Amino acid sequence: MKAMSPTRTVYWRDARVCMIDQRLLPERESTLVLDDVASLAEAIRDMAVRGAPAIGATAAYGLALGAQGSTASTAAGLRADLAIDAETLLAARPTASNLAWALRRVLGRLDAEIAAGETEPTALRTLALAEAERIADEDLATNRRMGAHGAALLPERCTVIHHCNTGALATVDYGTALGVIRAAHEQGKRIRVLVDETRPRLQGARLTTWELARLGVPQTLIVDGAAGYYLQRGEVDAVLVGADRIAANGDVANKVGTYPLAVVARENGVPVYVVAPSSTIDLGCPSGAEIPIELRDPTEVTEIAGRRIPPAGVTAANPAFDLTPARYISAIVTEAGVLRPPFEAGLRAAVEAAASPVPAS
Ligand code: MRU
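Predicted model, so just to flag it, every value in this text is computed and none were measured.

1. Some remarks on the site of the ligand
Next, step 1: Around the ligand there are 18 residues in total, and Arg50, Arg93, Gln203, Asn254 and Lys255 lie nearest to it.
Next, step 2: Between Gln203 and the ligand, the recorded distance is 2.8 Å, taken from a side-chain N or O atom to an oxygen atom.
Next, step 3: Summarising the interface, the protein chains cover 99% of the accessible area of the ligand, which totals 410 Å² for the free molecule.
Next, step 4: Along the lines of polarity and charge, the residues of the shell around the ligand split into seven nonpolar, seven polar and four charged.

This is the structure:
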């Protein structure tokens, strides 16, 4: 198979936002091209684009689209239009903190310019796009740094369990937890991945396998419930996952199934590494209890590939994420380095290190 294409998961081209439509993978590689905020929010909600950093970058591009589409003739008018667009984008998916973080970054950049005396809507439209592009570029650089930090945790020869999809598709490029696997592979480490299929949307079976195959990383697909079998047999060296939101105390919200995986890993003495950029840390949530968990359509559980599985009348519930208490996490890898428990001070420092003053233009 060919190496991963350098094409980003989401990008701006010809005044529109383009993204690989992840709902169609691996059968079809199709690009979705969007030119209005409502369609972009729907693409996030329906998971054409998914993964915390990817939806953050997409939302930032959404504000660039909104700025472009606004007919406001004053800076204040444009800012008011963008406040409405930001609400629409924010409502698309509630758990990943990267979404709100990216919106705050773009709006904060514009507010700084307005406060500095910028009155031209055209200048602000350009700035909104420039900030979205910066977020996308930074994502790639951040992921490479995390890859290097995380790969150092892994032995020369190892087997890891990976949950959901945290690769290039879940980010702008390269990936977080999958970026660590990729970095280890690039360094010549002999890494093998047990890929959790990740019910109900099968991000592992559809997306992670697709990425690992392109990268040439040895992999074995397992059902989510089989993780304990391999952990108990002593065949696993580490569990690697991403995060949608990390609370100030180190509790982690991630794809449903992460919590039981972490508990069984601890029971068997296997380290659990969470790999996430500082934009995933939400110091406003003291603990996991304050993180909103998205409840998705139950048909994602009752149907597989459009075919209903249980008999008529059976109902289902579909929490998209769960909470892993910090005590089950061995290390959190951010672009600032590897944090060990207790996590509070390290998480605060990572956020502070990433927060740079808005540069004057
Ligand atoms: O529902 P999804 O597919 O958006 O969930 C994705 C995850 O849970 C990932 O682990 C997380 O967003 C980190 S992706 C780098």
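2. Section: the pairing of strand β5 (residues 190-196)
Next, step 1: Among the seven residues that make up β5, five are buried, leaving the element largely enclosed by the rest of the structure.
Next, step 2: Once you follow strand β4 (residues 157-162) into helix α6 (residues 177-186) and on to β5, the crossover reads as right-handed.
Next, step 3: Relative to strand β6 (residues 219-222), β5 runs parallel, the two sharing four bridges. Across the sheet, the residue bridging to Leu194 is Thr220, located in β6.
Next, step 4: Handedness of the β-α-β unit built from β5, helix α7 (residues 203-215) and β6 comes out right-handed.

3. Description of the pattern of salt bridges
Opposite charge on two side chains permits them to pair, given that their charged atoms come into close proximity.
Next, step 1: Under the counting rule described, the total for this entry stands at 18 salt bridges.
Next, step 2: A salt bridge links Glu42 to Arg45, with the nearest nitrogen and oxygen atoms 2.9 Å apart. Residue Glu42 and its partner Arg45 are located together in helix α1 (residues 37-45), separated by three residues, close to a single helical turn.
Next, step 3: Using a relative accessible area of 37% as the deciding quantity, one classes Glu42 as partly exposed.
Next, step 4: The partner of Glu300 in a salt bridge is Arg296, and the shortest N-O contact between them spans 3.0 Å.
Next, step 5: The network of salt bridges with shared partners includes Arg105, Arg109, Glu113, Glu131, Arg134 and Glu138.

4. Some words on the domain arrangement of the protein
One frequently used descriptor of interface size is the decrease in accessible area upon assembly of the parts.
Next, step 1: Domain annotation for the protein reports domain 1 (10-144) and domain 2 (153-354).
Next, step 2: The centre of domain 1, based on its C-alpha atoms, is set 25 Å off from the matching centre of domain 2.
Next, step 3: Each side of the interface is counted separately: domain 1 has 29 residues, and domain 2 has 34 residues.
Next, step 4: Between domain 1 and domain 2, the buried area comes to about 2700 Å², and carbon and sulfur atoms account for 53% of it.
Next, step 5: Counting the surface domain 1 buries against domain 2, the share from its top three residues, Arg50, Thr95 and Asn143, is 22%.
Next, step 6: The partner of Arg93 in a salt bridge is Glu294, and the shortest N-O contact between them spans 2.9 Å.
Next, step 7: At the surface where domain 1 touches domain 2, the tally comes to 21 residue pairs in polar contact (both at pLDDT 80 or more).
Next, step 8: At the level of elements, α2 (52-69), α4 (97-115) and α5 (121-151) are the ones that each hand at least two residues to the side of domain 1 that touches domain 2.
Next, step 9: In terms of residue count, α5 provides more of the side of domain 1 that touches domain 2 than any other element does, six residues in total.

The rules behind the values
Residues numbered from 1 in each chain as written. Predicted model: local features only at pLDDT ≥ 70, side-chain atom pairs only at ≥ 80, totals over all residues. Heavy atoms only, no water. Near = heavy atom within 4 Å. Polar contact = N/O pair within 3.5 Å; in protein donor to acceptor, adjacent residues only side chain to side chain. Areas by Shrake-Rupley, 256 points an atom, 1.4 Å probe, with all protein chains shown as cover. Nonpolar A, V, L, I, M, F, W, Y, C, P; charged D, E, K, R; others polar. Buried < 20%, exposed > 50% of the residue type's maximum accessible area, 1.4 Å probe, protein only. Helix = DSSP H or I, 4+ residues; strand = E, 2+ residues; numbered from the N terminus. Right-handed = clockwise from strand over helix to strand, strands pointing away. Pairing = 2+ DSSP bridges. Salt bridge = Lys/Arg side-chain N within 4 Å of Asp/Glu carboxyl O. Domains from an automatic or database assignment. Contact = heavy atoms within 4.5 Å. Buried area = accessible area lost by both parts, 1.4 Å probe.

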